[in-house]
There are 4 protein chains.
Amino acid sequence: MAALTLASKSFLPTDLSFFHSSSSSSGLHRLSSPTIQISHCRISPRKLEVKAGGSTFGNYFRVTTYGESYGGGVGCVIDGCPPRIPLSEADMQADLDRRRPGQSRVAIPRAETDTCRIYSGVVDGLTTGAPIHVNVPNTDQRNEDYNEMALAYRPSHADATYDFKYGVRTVQGGGRSSGRETIGRVAAGAVAKNILRAYSGTEVLAYVSQVHNVILPGGVVDHETLTLAQIESNTVRCPVPEYVEKMIDAIDAILVKDDSVGGVVTCIARNVPRGLGSPVFDKLETELSRAIMSLPATKGFEIGSGFAGTLLTGSEHNDEFYTDEQGKIRTRTNRSGGIQGGISNGEIINMRVAFKPTATIGKKQFTVTRDRKEIELTTHGRHDPCIVPRAVPTVEAMVALVLVDQLIAHHGQCELFPINPYLQDPIRLPDQLMPANLSN
Amino acid sequence: MAALTLASKSFLPTDLSFFHSSSSSSGLHRLSSPTIQISHCRISPRKLEVKAGGSTFGNYFRVTTYGESYGGGVGCVIDGCPPRIPLSEADMQADLDRRRPGQSRVAIPRAETDTCRIYSGVVDGLTTGAPIHVNVPNTDQRNEDYNEMALAYRPSHADATYDFKYGVRTVQGGGRSSGRETIGRVAAGAVAKNILRAYSGTEVLAYVSQVHNVILPGGVVDHETLTLAQIESNTVRCPVPEYVEKMIDAIDAILVKDDSVGGVVTCIARNVPRGLGSPVFDKLETELSRAIMSLPATKGFEIGSGFAGTLLTGSEHNDEFYTDEQGKIRTRTNRSGGIQGGISNGEIINMRVAFKPTATIGKKQFTVTRDRKEIELTTHGRHDPCIVPRAVPTVEAMVALVLVDQLIAHHGQCELFPINPYLQDPIRLPDQLMPANLSN
Amino acid sequence: MAALTLASKSFLPTDLSFFHSSSSSSGLHRLSSPTIQISHCRISPRKLEVKAGGSTFGNYFRVTTYGESYGGGVGCVIDGCPPRIPLSEADMQADLDRRRPGQSRVAIPRAETDTCRIYSGVVDGLTTGAPIHVNVPNTDQRNEDYNEMALAYRPSHADATYDFKYGVRTVQGGGRSSGRETIGRVAAGAVAKNILRAYSGTEVLAYVSQVHNVILPGGVVDHETLTLAQIESNTVRCPVPEYVEKMIDAIDAILVKDDSVGGVVTCIARNVPRGLGSPVFDKLETELSRAIMSLPATKGFEIGSGFAGTLLTGSEHNDEFYTDEQGKIRTRTNRSGGIQGGISNGEIINMRVAFKPTATIGKKQFTVTRDRKEIELTTHGRHDPCIVPRAVPTVEAMVALVLVDQLIAHHGQCELFPINPYLQDPIRLPDQLMPANLSN
Amino acid sequence: MAALTLASKSFLPTDLSFFHSSSSSSGLHRLSSPTIQISHCRISPRKLEVKAGGSTFGNYFRVTTYGESYGGGVGCVIDGCPPRIPLSEADMQADLDRRRPGQSRVAIPRAETDTCRIYSGVVDGLTTGAPIHVNVPNTDQRNEDYNEMALAYRPSHADATYDFKYGVRTVQGGGRSSGRETIGRVAAGAVAKNILRAYSGTEVLAYVSQVHNVILPGGVVDHETLTLAQIESNTVRCPVPEYVEKMIDAIDAILVKDDSVGGVVTCIARNVPRGLGSPVFDKLETELSRAIMSLPATKGFEIGSGFAGTLLTGSEHNDEFYTDEQGKIRTRTNRSGGIQGGISNGEIINMRVAFKPTATIGKKQFTVTRDRKEIELTTHGRHDPCIVPRAVPTVEAMVALVLVDQLIAHHGQCELFPINPYLQDPIRLPDQLMPANLSN
């Protein structure tokens with residue numbers, strides 16, 4: 001996520017023939033590689049605003065994010081938003097503050113404030129139905145010497161594959177892989193959360209359930225009663241106090257080694273209306289998986305019982321139905337994770353997401369330059385030792401975006417006419433529970 | 001997957017008030033529930049052809065599947081296929097035979113032959129560029145007494161959620177959740193495999209790496225040399241001979257208990273052109289995850305290091321670059337799973353997919369009727385004790401569809417003009433390696 | 001539209017060198033061209049079913065048509081249809097009968113009955129929310145000697161451009177340009193009309209306003225009171241009795257000359273809910289234009305004042321607002337055609353569509369073969385002297401499809417929460433005016 | 001297009017009961033209506049940047065425009081652009097200057113310079129394949145007193161329908177109907193023109209063929225030889241010198257009457273590759289119609305023979321094929337307008353577009369307020385007497401966007417493998433005719 005700069009150019013020969021001769025001694029690459037050391041330094045912001053498209057998520061509630069770690073800021077445009085939803089910058093800022101760097105000792109110590117501003121689509125505190133544009137300026141610009149940077153492909157970053165795809169020698173093209181891109185997702189997710197809360201009292205909550213080899217045991221978190229306050233009570237966003245210190249220790253231990261660790265985020269959605277999702281290719285878990293796996297650094301996704309479910313038999317795994325005291329059809333267990341046949345069944349949706357350790361580390365690594373010469377690369381400066389706590393609001397945002405998109409799809413198709421009370425439950429909150437602007 | 005019929009109607013009271021009184025005794029549901037027994041019987045095929053749309057996958061190479069387990073058959077329409085690709089029904093049949101029921105002792109003993117026929121889009125053995133329609137008739141029709149079936153929501157099936165969504169008392173609407181829907185995917189996947197093979201020698205291979213608690217150890221399969229023959233050498237599609245019998249035993253053991261088990265499919269793609277996938281929301285792993293998680297019974301997806309990668313540090317996880325003997329930039333390890341920054345890097349793509357145990361089992365289960373009354377349900381007849389070996393070709397198909405879709409996207413955008421040989425490699429096979437029809 | 005067959009093969013040399021030598025005498029093509037005569041003969045239907053995709057219209061209410069003039073029939077799959085809409089085959093048949101050949105003296109005398117059958121998505125007379133599949137068999141198969149046909153590019157048909165695009169020598173690929181493809185559109189349009197009528201009492205009516213040089217004067221049709229009965233009172237579908245005979249005479253006159261004529265269809269939509277359409281690229285007139293101009297043989301589209309509006313000044317063209325007796329905001333004139341700023345304003349939407357004369361004629365024409373040799377082509381047999389009366393239901397269908405698509409889009413976005421009664425009118429009919437199935 | 005301000009508030013009663021009593025005298029509206037006078041005044045630019053989404057055109061080469069007449073400017077994001085295309089701001093500025101106000105006596109005398117800046121996607125004069133962001137600041141801000149403006153629905157503007165749709169009392173939401181939105185289209189069109197020129201020497205040229213009742217006779221412009229210089233030789237963009245003064249006189253005459261006029265733009269595309277467009281719903285003329293009819297103020301569209309073609313017989317209308325001296329299959333006439341069966345045939349594509357007279361006029365008009373009261377409205381200040389000359393580059397831009405989108409679609413599907421030289425022509429220019437960056 002952090003962009004890199006050459007600290008000392010004297011280490012880098014201007015005569016590229018040096019690399020040529022070096023790499024010709026194949027078989028001895030690791031010994032003979034030249035060494036590049038890279039570190040960060042601050043510069044005054046250049047006025048280079050960078051937007052990006054093709055970066056659109058959703059079919060009905062469509063979010064386009066833009067921006068990179070350098071330039072005029074990042075943000076999103078939200079299209080298809082219902083009109084007259086109460087919305088303020090404060091709604092978004094709360095989640096952006098959970099995502100921003102420098103928020104705690106376990107996050108990268110970068111001085112971004114990540115203050116958002118709504119530029120269109122909201123008037124007098126209400127959405128207008130027109131596109132909503134939200135921008136967050138980049139306040140902590142750093143100099144990035146691209147001519148030199150362009151020489152080295154950072155291991156497990158996007159540098160090399162962007163070159164393979166586009167055939168253009170530029171790192172600006174690669175800037176969209178910056179973690180700052182997720183700011184636009186989090187801002188849009190806040191709008192989605194507002195809609196879900198107003199419509200059906202739906203809540204989306206995520207927390208850290210694993211940091212490196214510190215793993216929360218199954219069942220230790222009660223998803224019926226989990227609160228945001230529990231999650232936000234500590235810097236690693238783990239709602240189980242006994243594990244918080246262990247996780248922080250794991251992060252501290254890796255930080256001093258100039259290395260990084262990954263982990264797992266668990267996410268739930270509560271009070272999800274029944275009926276969201278569509279058979280075959282637009283199943284609800286399909287859309288959730290797609291949403292989650294578009295986040296940077298994700299390597300795995302599970303819904304309900306996940307990979308552990310493969311160890312159960314069918315009779316152990318099936319969720320039996322019963323009728324509850326209100327006469328509502330429920331399941332006694334929830335190995336399905338709140339989704340059956342691709343459609344939400346009203347139970348709590350739960351997911352787990354694997355995040356790999358951050359690719360940017362301080363330790364020395366071997367790599368090649370764009371000229372295909374092998375070198376040693378050392379990056380000095382700040383990086384996130386563990387991105388997982390900061391990833392929590394990004395996971396919530398993507399889940400909320402899917403749910404609103406599917407809610408609008410369902411409302412458009414299946415509630416154009418009155419529902420069938422014999423088989424269906426009304427899914428909108430009674431007017432007296434809605435914000436005043438929506439119920440008059 | 002199997003549709004159900006009431007074997008003996010005497011068990012089912014025609015007077016529904018019986019159910020009403022039963023369910024009123026809440027708190028004692030499990031003791032007092034009435035019992036339904038359901039079994040299968042064959043009938044002559046009714047001429048009820050059922051098609052379905054909204055069932056489209058892909059943006060450039062678009063596949064629409066249709067059909068259900070009853071009615072006039074299943075299949076697909078493939079749109080956007082390049083013209084002049086050699087294609088025959090035999091190409092599709094090979095994969096369909098790997099998917100069909102009754103192929104072995106570990107699969108459901110159903111007598112479908114699943115013989116496909118191409119109805120359009122192919123002339124004289126070559127695709128025309130027009131849509132390709134492939135149909136597979138349903139030859140093993142069974143009587144499904146929907147009036148009675150409609151009473152019981154089968155646990156962990158789509159019956160209940162379809163009712164919640166659409167508000168219509170019909171099981172026909174739910175028929176699209178049938179496993180037979182995947183026939184259309186497999187047929188389309190065969191076309192995609194032909195294109196990949198002809199264009200770049202790309203191969204997609206999947207195999208069973210876990211059945212219930214029989215788990216292949218990591219690294220035991222060599223992905224560089226894995227062959228289709230190894231996979232197809234046994235009925236469970238496990239390429240490691242020592243584990244084959246253990247897996248078969250696990251399935252046999254569960255079958256006699258009228259129960260089912262799940263497992264894991266591992267899938268690789270070899271010789272994938274570099275540059276497939278797009279930044280942000282259309283990353284290659286995003287598309288693969290979406291494709292895989294649209295398959296019935298999937299509960300989890302991993303790319304590269306997956307959940308296990310969360311236990312590594314950054315320096316352990318990063319894939320260092322080097323230049324190989326042909327001067328090509330490669331990675332020494334492949335924890336990224338062949339994809340970096342959302343774009344393929346030319347290394348082997350590898351994924352793991354979790355399949356839950358089949359929901360249809362013979363054991364007695366508790367559930368509710370559509371009238372919200374609690375009952376006992378017993379299903380007699382055939383079911384798949386373990387769907388995982390038959391899921392192997394469906395996973396391959398979805399992966400092949402994603403790769404072709406992204407290949408066409410990449411070719412349209414990034415190879416409209418000549419490539420930049422300094423940073424890019426040509427990704428099309430030399431003409432002499434192509435089928436004659438494509439190279440003249 | 002009619003496919004062609006060689007009547008007498010003796011006119012066609014089997015030795016193609018004949019063509020070569022002929023065409024070598026360039027400069028004298030029109031004199032020396034060989035002559036091909038083509039006519040129709042019936043054969044028993046071959047069992048070649050041909051489906052097609054990529055043939056999808058709409059974003060929310062999506063219609064995919066398939067089929068060609070030969071093979072197993074034509075039809076459509078409708079996806080995203082609201083559940084519990086009353087629907088029967090009779091609803092569709094009424095419009096299909098208006099489209100079918102052989103319905104009158106002015107239409108092609110072909111014996112198709114065009115009887116439709118619903119295969120899925122409708123149970124007990126109600127839509128289920130699942131995809132609706134409608135099929136119409138091809139009953140009037142004719143032998144089409146493609147090997148010979150393939151030689152000649154018929155003027156102003158799709159033969160040549162299909163070859164240019166796909167590079168495959170096959171006329172089957174070109175079959176989707178058949179006028180029979182519009183059968184699927186008309187069937188889907190009937191579903192759309194049912195939804196519009198039930199939801200808001202919206203009616204879509206089209207009629208013939210010009211045949212060749214017989215032109216209805218402006219204003220002679222009262223769009224407030226126009227009825228389907230007036231349109232259907234005669235074979236040319238002109239609601240003004242004085243012009244009916246003139247139009248029929250014009251068609252009769254051209255028929256005896258083995259030639260064809262075109263004309264204009266006018267279409268209105270009455271009681272259209274306000275608020276349909278979206279700013280910028282998804283304006284309502286944009287979607288209508290796209291829908292109409294996808295019909296075969298269309299060459300022009302006008303909304304409201306159209307090309308004639310260019311002769312007015314702004315003060316003559318602007319539609320002034322007033323408040324009517326019910327307190328509703330209306331316009332005194334309607335040069336806007338019921339749409340302002342891309343959004344419906346509640347006034348009557350009106351459009352005009354230009355249809356060129358049918359390309360298939362009996363007269364001798366010059367053309368070239370696929371081998372680029374110039375020849376004379378004479379086609380014997382049946383053709384439509386004027387397609388315009390039969391195009392009327394296809395225009396209505398496309399307009400109804402756009403309106404339902406936009407209605408669902410609007411309902412999903414703008415009526416997810418209660419409307420603002422101060423600025424908005426409720427657009428759904430009161431329950432007592434709805435069909436019983438939709439209002440309980 | 002111009003936003004309005006109340007010049008003198010003394011005309012507007014603050015007590016709205018005045019309007020109530022006035023409107024209660026129904027039947028006498030036109031006599032008793034209160035009077036509002038509106039005029040323009042300049043203010044210093046407010047820093048209100050307004051972006052908009054849902055404003056995306058194209059499937060492969062996707063353009064999203066944003067912005068309004070107030071706020072931080074307008075522009076576009078272009079996604080899916082091929083990499084390594086030479087591109088500079090000067091390329092865009094040339095067309096933007098043709099669109100900007102104040103360019104001549106016949107255009108609105110507004111002082112916008114419309115200077116564009118590329119913010120991303122272009123490095124060292126070449127596209128990178130990443131999204132291209134182009135912005136044009138709003139330099140000529142005017143104060144718009146929305147509280148007062150909000151009272152009056154301007155006739156034939158979007159004010160009323162935006163209120164009907166969204167139910168929110170705000171004019172900002174309506175800002176996207178501003179003519180300045182088309183700036184983003186023109187900038188994107190310049191990129192498309194660069195691609196077309198480099199790939200196949202394709203040119204897109206539009207000109208004014210009618211202003212009010214001054215109409216160019218058919219055939220007076222030679223589309224084979226028409227040049228941009230001919231079009232740009234005068235302020236009305238009419239390439240026929242004899243008609244230029246007549247058109248200017250017509251505009252001058254209407255300007256002194258505080259009124260406006262419309263007209264017709266003709267557009268051609270020359271050297272269009274054969275094979276662009278797809279059968280059924282994605283025909284090339286369908287996409288062109290949709291593109292054109294999304295431009296503000298358009299009321300009609302014609303391709304090839306258009307409405308006039310309805311007066312011809314089939315034998316008069318059909319375009320006979322012949323083989324030219326290079327052995328290429330051509331048509332002797334071009335009533336098809338360069339498209340047959342929905343696919344380009346290599347002949348010149350030609351279209352005509354009707355633009356209504358500008359809705360903003362100085363003359364007094366009757367209308368209603370948002371409170372549904374009838375009033376008189378007088379707008380002082382600048383407006384375009386005839387938008388048609390300035391619409392010329394917007395038409396060209398939309399046509400170029402469609403052609404590039406279809407080119408990429410065709411290349412991705414039909415040129416993934418080598419073409420069939422027997423039926424197809426290569427459509428890319430030989431390397432020696434390409435810009436150097438594209439052919440190495």
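Residues numbered from 1 in each chain as written. Chains lettered and ligands numbered in written order. Predicted model: local features only at pLDDT ≥ 70, side-chain atom pairs only at ≥ 80, totals over all residues. Heavy atoms only, no water.

If you check an unreviewed UniProt entry, chain A appears there as chorismate synthase from Thalictrum thalictroides. Per its UniProt entry, chain A bears the Catalytic activity (unreviewed entry) comment "5-O-(1-carboxyvinyl)-3-phosphoshikimate = chorismate + phosphate". (UniProt positions renumbered as here; feature names shortened; annotations may be inferred.)

### Examining the interface of chain C and chain A
Taken together, the contacts link 33 residues of chain C with 33 residues of chain A. Of the roughly 2,500 Å² buried between chain C and chain A on both sides combined, carbon and sulfur atoms contribute 64%. When the buried surface of chain C facing chain A is broken down by residue, C:Gln413, C:Leu416 and C:Phe417 rank first, second and third, together holding 30% of it. Our count for the chain C to chain A interface comes out at 13 residue pairs in polar contact (both at pLDDT 80 or more). Broken down by element, the residue count for the side of chain C that touches chain A peaks at six residues, all from helix 11 (residues 388–414) of chain C. Tallied by class, residues from the side of chain C that touches chain A come to 18 nonpolar, 10 polar and five charged. (Contact = heavy atoms within 4.5 Å. Buried area = accessible area lost by both parts, 1.4 Å probe. Polar contact = N/O pair within 3.5 Å; in protein donor to acceptor, adjacent residues only side chain to side chain. Helix = DSSP H or I, 4+ residues; strand = E, 2+ residues; numbered from the N terminus. Nonpolar A, V, L, I, M, F, W, Y, C, P; charged D, E, K, R; others polar.)

### Side note on the relation of the copies chain A and chain B
The two copies are related by a screw motion: chain A maps onto chain B through a turn of 180 degrees and a shift of 0.0 Å along the axis, at an RMSD of 0.0 Å. The two molecules are tied by a two-fold rotation axis, judged by turn and shift. Residue by residue, 100% of the interface of chain A is reproduced at the interface of chain B, so both copies engage with the same surface. (Least-squares fit on C-alpha atoms with pLDDT ≥ 70 in both.)

### Focus on the sheet that holds strand 4 (residues 62–66) of chain C
Taken in spatial order, the five strands make up an open sheet running 3-4-5-9-6 (chain C), and their pairing is antiparallel. For this open sheet the edge positions go to strand 3 (56–57) and strand 6 (117–120) of chain C, each flanked by a neighbour on one side alone. (Pairing = 2+ DSSP bridges.)

### Observations regarding the packing of aromatic side chains
Inspection of every chain in the model, using the stated rule, returns 24 aromatic pairs over all chains. Between B:Phe417 and D:Tyr199 the ring centres are 5.6 Å apart and the planes differ by 80 degrees, which places this aromatic pair in the edge-to-face class. Of the two residues, B:Phe417 is situated in the loop between helix 11 (388–414) and helix 12 (436–439) and D:Tyr199 in helix 6 (residues 182–200); the pairing between them involves two chains. We classify B:Phe417 as buried; its relative accessible area is 4%. A residue is classified by how much of its surface remains accessible, and D:Tyr199, at 1% relative accessible area, is buried. With 6.4 Å between their ring centres and 65 degrees between their planes, D:Tyr153 and D:Phe164 make a pair best called edge-to-face. Placement of D:Tyr153 in the loop between helix 4 (146–149) and helix 5 (159–166) and of D:Phe164 in helix 5 is noted, with a sequence separation of 11 residues between them. With relative accessibility at 6%, the residue D:Phe164 sits in the buried group. By the ring-pair criterion, three or more aromatic residues cluster together here, those being A:Tyr153, A:Phe164 and B:Phe321. Residue placement shows A:Lys246 over the ring face of A:Tyr243; its charged tip is 4.6 Å from the ring centre. (Phe/Tyr/Trp six-rings, centres within 6.5 Å; stacked < 30°, edge-to-face > 60°. Buried < 20%, exposed > 50% of the residue type's maximum accessible area, 1.4 Å probe, protein only. Lys NZ or Arg CZ within 6 Å of the ring centre and 35° of its normal.)

### Points about the environment of B:Thr235
Residue and element names in this part refer to chain B. Inspection of the secondary structure puts Thr 235 in the loop between helix 7 (228–232) and helix 8 (241–255). A C-alpha to C-alpha distance of 23 Å links Thr 235 and Lys 299, two positions 64 residues apart in sequence. Filtering out sequence-adjacent residues up to four positions away, Thr 235 remains in contact with Ser 104, Val 106, Ile 248 and Pro 389.

### Some points on the interface of chain A and chain B
On the chain B side, the residues contacting the 119 residues of chain A number 119 residues. Taking both sides of the interface into account, the surface hidden between chain A and chain B amounts to around 9,300 Å²; carbon and sulfur atoms contribute 56%. Here chain A is connected to chain B by zero salt bridges. The interface formed by chain A and chain B includes 54 residue pairs in polar contact (both at pLDDT 80 or more). In terms of residue count, the dominant contributor to the side of chain A that touches chain B is helix 5 (residues 159–166) of chain A (seven residues). Along the lines of polarity and charge, the residues of the side of chain A that touches chain B split into 42 nonpolar, 47 polar and 30 charged. Pairing of strand 12 (residues 298–303) of chain A with strand 12 (residues 298–303) of chain B, which is carried by three bridges, proceeds in the antiparallel orientation. In the sheet register, A:Gly300 faces strand 12 of chain B, and the bridge partner there is B:Glu302. (Salt bridge = Lys/Arg side-chain N within 4 Å of Asp/Glu carboxyl O.)

### Things to note about helix 9 (residues 284–292) of chain C
With respect to burial, helix 9 of chain C is a largely interior element, nine of its nine residues being buried. Regarding helix 9 of chain C, the residues found buried are C:Leu284, C:Glu285, C:Thr286, C:Glu287, C:Leu288, C:Ser289, C:Arg290, C:Ala291 and C:Ile292.

### As for the confidence of the model for chain A
All names here are of chain A. In the predicted model, chain A carries a mean pLDDT of 84, and 82% of its residues have values of at least 70. Confidence drops under pLDDT 50 across residues 38–53; counting only partners more than four residues distant or on other chains, this segment forms 76 contacts. This model gives residues 143–148 a pLDDT under 50, and the stretch forms 18 contacts once residues within four places in sequence are excluded. Taken over the whole predicted complex, pTM reads 0.89, whereas the ipTM for its chain interfaces reads 0.88. (pLDDT = per-residue confidence, 0-100.)

### Some points on the sheet that holds strand 8 (residues 132–136) of chain A
Residue and element names in this part refer to chain A. Strand order in the open sheet formed by five strands is 2-3-4-8-5, and the pairing between neighbours is antiparallel. Of all strands in the sheet, those bounded by a partner on one side alone are strand 2 (56–57) and strand 5 (117–120). Two elements, strand 2 and strand 3 (residues 62–66), share two bridges in a ladder whose sense is antiparallel. Bridge pairing links Thr 56 to Thr 64 in strand 3.

### Overview of the pairing of strand 11 (residues 263–270) of chain B
All names here are of chain B. For strand 11, the buried fraction is high: eight of the eight residues fall into the buried class. The side-chain alternation of strand 11 yields two buried faces, one formed by Gly 263, Val 265, Cys 267 and Ala 269 and the other by Val 264, Thr 266, Ile 268 and Arg 270. Examined bridge by bridge, strand 9 (residues 203–211) and strand 11 share eight bridges and lie antiparallel to one another. Each bridged residue has a counterpart across the sheet, and for Tyr 207 the counterpart in strand 11 is Thr 266. Where strand 11 and strand 17 (residues 349–355) come together, seven bridges link them in antiparallel fashion. Residue pairing across strands places Val 264 opposite Ala 354, the latter belonging to strand 17.

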